[in-house]
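Overview (structure and organization)
One-letter residues, chain by chain:
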Amino acid sequence: MSTTDLRATTRPVVVGVDGRPHTRNALDWAIDEAVRRRCAIKLVHGRSVPVQGPHIEPLMAASDEVAKRVLHEAEQRIHSVSPSTPVSTATGIGSPGALLVDASTGAGLVVVGARGRGTVSSAFLGSSSVDVAARAHCPVVVVRELPTTSSPASGVVVGSDGSPLSTTAIGEAFDEAHARQAPLTVVHTWLLDYDDSNFPLVDAEALQDKMVRQASDLTAQAVADWSQKFPDVDVRVRVLNAHPVEALAELSREAELVVVGSRGRGGFRGLLLGSVSQGVLHHAHCPVMVVRPEPD
């Protein structure tokens, strides 16, 4: 997205629900986000039933009742928190993940729940949060843990590596920080695993200084245009000698949201979700937004 106002208020926030605690967390996060975006919420519920067998009709009827109950309870939750937020629903037989990917075509954001940090396992009824994050047509937020404080010190945290997708992710992060009136921390990491016994003539300190300068310049370039478009956002740039997953996971402890690109510099073009984004999804302590590249 290239305009100052990244939010398309006519596009809904889509959220997957099945009535279990992790999807209720996702719903609560989605409600807050829809209020900030001043947009509608679309509830998506997927059902899995046998395609044949002697008891197909009663199973279908029971599945229909569960879907009605789950969607009704979710609608009630939305209206109790934000009565003016428009709500629509969609349900179907099949993978909830596939339904969410289909719904993402017309969405501004997809929100999914996940169970337990360290195992981004099935979000609901067998669909994988990672699959949705990898294949959706808009940014995806995976909610495992809700922020523990209303004014986190780190605000919004975004990873930067100088790639075009990273610059897009930084733009999304600026927009989120602006909407929350929160600070933004832009993190660029680099690793120098140096053994002077193998390279005795290398000046390690000079090499480290050079890498820091290059990383700082690269990050400053990525931030500059967005800072002009969002002058009210307090931006903090951190250049760290660390693994990106470890750095972002640690900063996520006091963050409202972490934003990452789906794949970084040097990632294979056919790879839908890179190792850093997957690692952050597994280990972050707050919701994570995954930003995918624009379609060719």
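Predicted model, so just to flag it, every value in this text is computed and none were measured.

Moving on to the overall build of the protein. A tally of helices and strands in the protein yields eight helices and 12 strands. Expressed as a percentage of the 296 residues in the protein, the buried residues total 47%. For the protein, restricting intrachain contacts to residue pairs at least 6 apart in sequence, the fraction spanning at least 24 positions comes to 79%. Carbon together with sulfur atoms contributes 51% to the accessible area of the protein, which is approximately 14300 Å² in total.

What follows covers the sheet that holds strand 4 (residues 109–113). The mixed open sheet is built from 10 strands, whose spatial order is 3-2-1-4-7-12-11-8-9-10. In this open sheet, the two strands that pair with only one neighbour each are strand 3 (87–93) and strand 10 (235–241). The sheet shows a mean angle of 20° between the axes of neighbouring strands, direction not considered. Two elements, strand 8 (residues 155–159) and strand 9 (residues 184–190), share four bridges in a ladder whose sense is parallel. Residue G159 lies in a different strand from strand 9, and its bridge partner there is V187. Relative to strand 2 (residues 41–47), helix 3 (residues 96–103) is tilted by about 150°, and along the sheet it contacts strand 1 (13–16), strand 2, strand 3 and strand 4. Against the sheet, helix 7 (residues 244–251) engages strand 8, strand 9, strand 10 and strand 11 (255–261), with an angle of about 155° to strand 9.

This brings us to the confidence of the model for the protein. Taken over all residues, the pLDDT of the protein has a mean of 83, while the share at 70 or more is 79%. With pLDDT under 50 throughout, residues 265–271 is counted as low confidence; its partners more than four residues away or in other chains account for seven contacts.

Now for the nonpolar core. Core analysis: the largest hydrophobic core is formed by 39 residues, its most contacted members being L43, V111, L184 and V259. Residues V44, V140, A255 and V260 belong to the second largest nonpolar core, which totals 33 residues.

Applying the stated criterion across every chain yields a total of one aromatic pair. Taken together, a centroid distance of 6.0 Å and an interplanar angle of 25° make the contact between F174 and F230 stacked. Separated by 56 residues along the polypeptide, F174 in helix 5 (residues 164–180) and F230 in the loop between helix 6 (204–229) and strand 10 bring together distant segments of the chain. One exposure class covers both F174 and F230, and it is buried.

To continue, consider the pairing of strand 7 (residues 140–143). Every second residue of strand 7 is oriented toward a common face, with V140 and V142 on one face and V141 and V143 on the other, all of them buried. Direction of pairing for strand 4 relative to strand 7: parallel, over a ladder of four bridges. Directly across from V112, in strand 7, lies its bridge partner V142. Taken together, the three bridges between strand 7 and strand 12 (residues 288–291) define a ladder with antiparallel strand orientation. For V140, the partnering residue across the bridge sits in strand 12 and is V290.

Mapping E176 onto the fold places it in helix 5. At 3.2 Å, the side chain of E176 and the side chain of R37 are in polar contact.

This model, assessed by the stated rule, comprises 13 salt bridges. A salt bridge links R253 to E250; the nearest nitrogen and oxygen atoms lie 3.2 Å apart. According to the relative accessible area criterion, R253 is partly exposed, its value standing at 48%. Connected via shared salt-bridge partners are E33, R36, R37, E176, R180 and E256.

Conventions adopted
Residues numbered from 1 in each chain as written. Predicted model: local features only at pLDDT ≥ 70, side-chain atom pairs only at ≥ 80, totals over all residues. Heavy atoms only, no water. Helix = DSSP H or I, 4+ residues; strand = E, 2+ residues; numbered from the N terminus. Buried < 20%, exposed > 50% of the residue type's maximum accessible area, 1.4 Å probe, protein only. Contact = heavy atoms within 4.5 Å. Areas by Shrake-Rupley, 256 points an atom, 1.4 Å probe, with all protein chains shown as cover. Pairing = 2+ DSSP bridges. Axes fitted to C-alpha atoms, helices over the stretch in contact; angles between N-to-C directions. pLDDT = per-residue confidence, 0-100. Core = buried A, V, L, I, M, F, W, Y, C linked by side-chain atoms within 4.5 Å. Phe/Tyr/Trp six-rings, centres within 6.5 Å; stacked < 30°, edge-to-face > 60°. Polar contact = N/O pair within 3.5 Å; in protein donor to acceptor, adjacent residues only side chain to side chain. Salt bridge = Lys/Arg side-chain N within 4 Å of Asp/Glu carboxyl O.

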